[in-house]
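Residue strings, one per chain:
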Amino acid sequence: MRRLNLLITAGPTQEPIDPVRYLSNRSSGKMGYALAQAAQKKGHQVILISGPTNLKPPVKVRLIPVTTALQMHQEVLKNFKQADVIIKTAAVADWRPARFSRHKIKKDRKNLNLKLIPNPDMLKTLGKIKRKNQLLVGFAAETHNPLLHARQKLIQKKCDWIILNNVSRKGIGFESDYNQVTLLSHNGQTISLPRMTKKKLASKILEVILSS
Ligand code: CTP
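All figures in this text were calculated on a predicted structure; none of them were measured in a lab.

Visitor: How would you summarise the sheet that holds strand 1 (residues 5-10) if you had to cite specific residues and measurements?
Guide: An order of 5-4-1-6-9-10-12-13 is seen for the 8 strands of this open sheet, with the pairing classed as mixed. Looking along the sheet, the strands with just one partner apiece sit at the ends: strand 5 (62-65) and strand 13 (190-192). Averaged over neighbouring strand pairs, the angle between their axes works out to 15° when direction is ignored. Looking at chain direction, strand 12 (residues 181-185) and strand 13 are connected through 3 bridges and run antiparallel. From the neighbouring strand, Leu184 faces strand 13, where its bridge partner is Thr190. Packed onto the sheet, helix 4 (residues 146-156) meets strand 9 (135-142), strand 10 (161-166), strand 12 and strand 13 and runs at close to 155° relative to strand 10.

Below is the structure:
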């Protein structure tokens, strides 16, 4: 087996509003960390770029901690060239506050309008610049019309695989130790895996994508 370089992103990003507040999402980072550990156990070299989580860093994995989507974007671009496989499990904030208030915003005002501006879509950028021998894998977190939206992401972001997880179902997905996913490939394969722990799932996902 060839030893591969894997670049994995995980966790949420946090987009600061002021020194005490931020915008974020419910991602725990568990799926990305499980993938990083499973890949390392299979003998691959792994860089894990992670937003803030409460998880222990996986052993023998190079962890690059980041906070914001822009920081994650920068680190991904820095480490992208050497990667054979890129897996983007991170739940990147699509928007960030247009301005950061250096002082805590006080509540002595009637209302507060936050202007948000879009963050770059890393997966889409990578889809445009990736080499033929690089495998690009994205995740799709969906709550409705999951297959349709996941297929759209596969095409629009020019991935080799999109891993769909339906985050509206109880007991899987965000924060849970379990997940149930469907893998969609750019050449039309659809592989549905049963509900299982994220650790087991990580190993299965790697088996499928690395033999493709
Ligand atoms: N992604 C990314 N950069 C972003 C947003 C998402 O790289 N700014 C990646 C995620 O890491 C994931 C994939 O794109 O691999 C899909 O993310 P998801 O949150 O499901 O979808 P979005 O592209 O953000 O679209 P929408 O929020 O409209 O569903």
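Having seen the structure, we can now continue with the description.
Visitor: Which residues make up the pairing of strand 2 (residues 15-18), and what values go with them?
Guide: Where strand 2 meets strand 3 (residues 21-23), 3 bridges bridge the pair, whose relative direction is antiparallel. Bridge pairing in strand 3 links Pro16 to Tyr22. Hairpin connection between strand 2 and strand 3: a loop of 2 residues separates the two successive antiparallel strands.

Visitor: Explain the nonpolar core to me, using residue names and the numbers behind them.
Guide: Counting residues in hydrophobic clusters, the biggest one holds 31 residues, and the most contacted among them are Leu6, Leu35, Ile87, Leu183, Ile205 and Ile209. Those elements giving two or more residues to this core turn out to be strand 1, helix 1 (30-41), strand 4 (45-50), strand 6 (85-88), strand 9, strand 10, strand 12 and helix 5 (198-210). Take this core: its biggest share by element is 7 residues, from helix 1. Setting aside its immediate chain neighbours within four residues, Ile209 contacts Ile87, Leu135, Val137, Trp161 and Leu183. Residues Leu126, Ala140, Leu164 and Leu184 belong to the second largest nonpolar core, which totals 22 residues.

Visitor: Residues and numbers for the environment of Gly32, please.
Guide: Within the secondary structure layout, Gly32 lies in helix 1. In the structure, Gly32 is positioned 23 residues away from Thr9 in sequence and 6.5 Å away in space, judged by C-alpha atoms. Excluding residues within four positions of it along the chain, Gly32 makes contact with Ile8, Ala10, Leu48 and Thr89.

Visitor: If you had to explain the packing of helix 1 against helix 5 to someone new, which residues and values would you point to?
Guide: For any two helices packed against each other, one specifies the inter-axial angle together with the distance between the axes. Put simply, helix 1 and helix 5 touch, their axes get as near as 8 Å, and they point 60° apart. When the axes of helix 1 and helix 5 are compared, the pair comes out oblique. In terms of crossing hand, the pair formed by helix 1 and helix 5 is right-handed. Across from Lys30, Met31, Ala34, Leu35, Ala38 and Ala39 in helix 1, the residues of helix 5 making contact are Lys198, Lys199, Leu201, Ala202, Ser203, Ile205 and Leu206. Of the residues contributing to the contact of helix 1 with helix 5, the split by class is 9 nonpolar, 1 polar and 3 charged.

Visitor: Lay out helix 5 with the relevant residues and their values.
Guide: Here helix 5 contains 13 residues, and its C-alpha end-to-end distance of 18 Å stays within 8% of the 18 Å for a straight helix at 1.5 Å per residue. For helix 5, the full list of buried residues reads Lys198, Leu201, Ala202, Ile205, Leu206, Val208 and Ile209. For helix 5, the arc enclosing every buried residue in end-on projection is 165°, short of the 170-degree limit, so these residues lie on one face. In helix 5, the exposed positions that point more than 90 degrees away from the buried face belong to Lys199 and Lys200.

Visitor: Can you explain the environment of Ser185? Please cite residues and give values.
Guide: Mapping Ser185 onto the fold places it in strand 12. Taking the C-alpha atoms as reference, Ser185 lies 5.7 Å from Asp160; in sequence the two are 25 residues apart. At a separation of 2.5 Å, a polar atom in the side chain of Ser185 contacts the side chain of Asn187.

Visitor: Talk me through the pattern of salt bridges; I want residue IDs and the actual numbers.
Guide: Opposite charge on two side chains lets them pair, provided their charged atoms get close. The full count for this structure, using the stated rule, is 7 salt bridges. Of the charged contacts in the structure, one is a salt bridge between Arg26 and Glu175, with a shortest N-O distance of 3.2 Å. One end of the pair, Arg26, is in the loop between strand 3 and helix 1; the other, Glu175, is in the loop between strand 10 and strand 11 (178-179), and 149 residues separate them in sequence. Here Lys153 and Glu142 are joined by a salt bridge, their closest N and O atoms 2.5 Å apart. Here Lys153 is found in helix 4, whereas its partner Glu142 is found in strand 9, with 11 residues between them in sequence. By relative accessible area, Glu142 is classed as buried at 6%.

About the cut-offs
- Residues numbered from 1 in each chain as written.
- Predicted model: local features only at pLDDT ≥ 70, side-chain atom pairs only at ≥ 80, totals over all residues.
- Heavy atoms only, no water.
- Pairing = 2+ DSSP bridges.
- Helix = DSSP H or I, 4+ residues; strand = E, 2+ residues; numbered from the N terminus.
- Axes fitted to C-alpha atoms, helices over the stretch in contact; angles between N-to-C directions.
- Contact = heavy atoms within 4.5 Å.
- Core = buried A, V, L, I, M, F, W, Y, C linked by side-chain atoms within 4.5 Å.
- Buried < 20%, exposed > 50% of the residue type's maximum accessible area, 1.4 Å probe, protein only.
- Parallel < 35°, antiparallel > 145°, perpendicular 65-115°, else oblique.
- Left-handed = near helix turned anticlockwise from the far one by under 90°.
- Nonpolar A, V, L, I, M, F, W, Y, C, P; charged D, E, K, R; others polar.
- Expected span 1.5 Å × (residues − 1).
- Arc of directions from axis to C-beta.
- Polar contact = N/O pair within 3.5 Å; in protein donor to acceptor, adjacent residues only side chain to side chain.
- Salt bridge = Lys/Arg side-chain N within 4 Å of Asp/Glu carboxyl O.

Bear in mind that shape data such as this cannot, by itself, settle questions of function.
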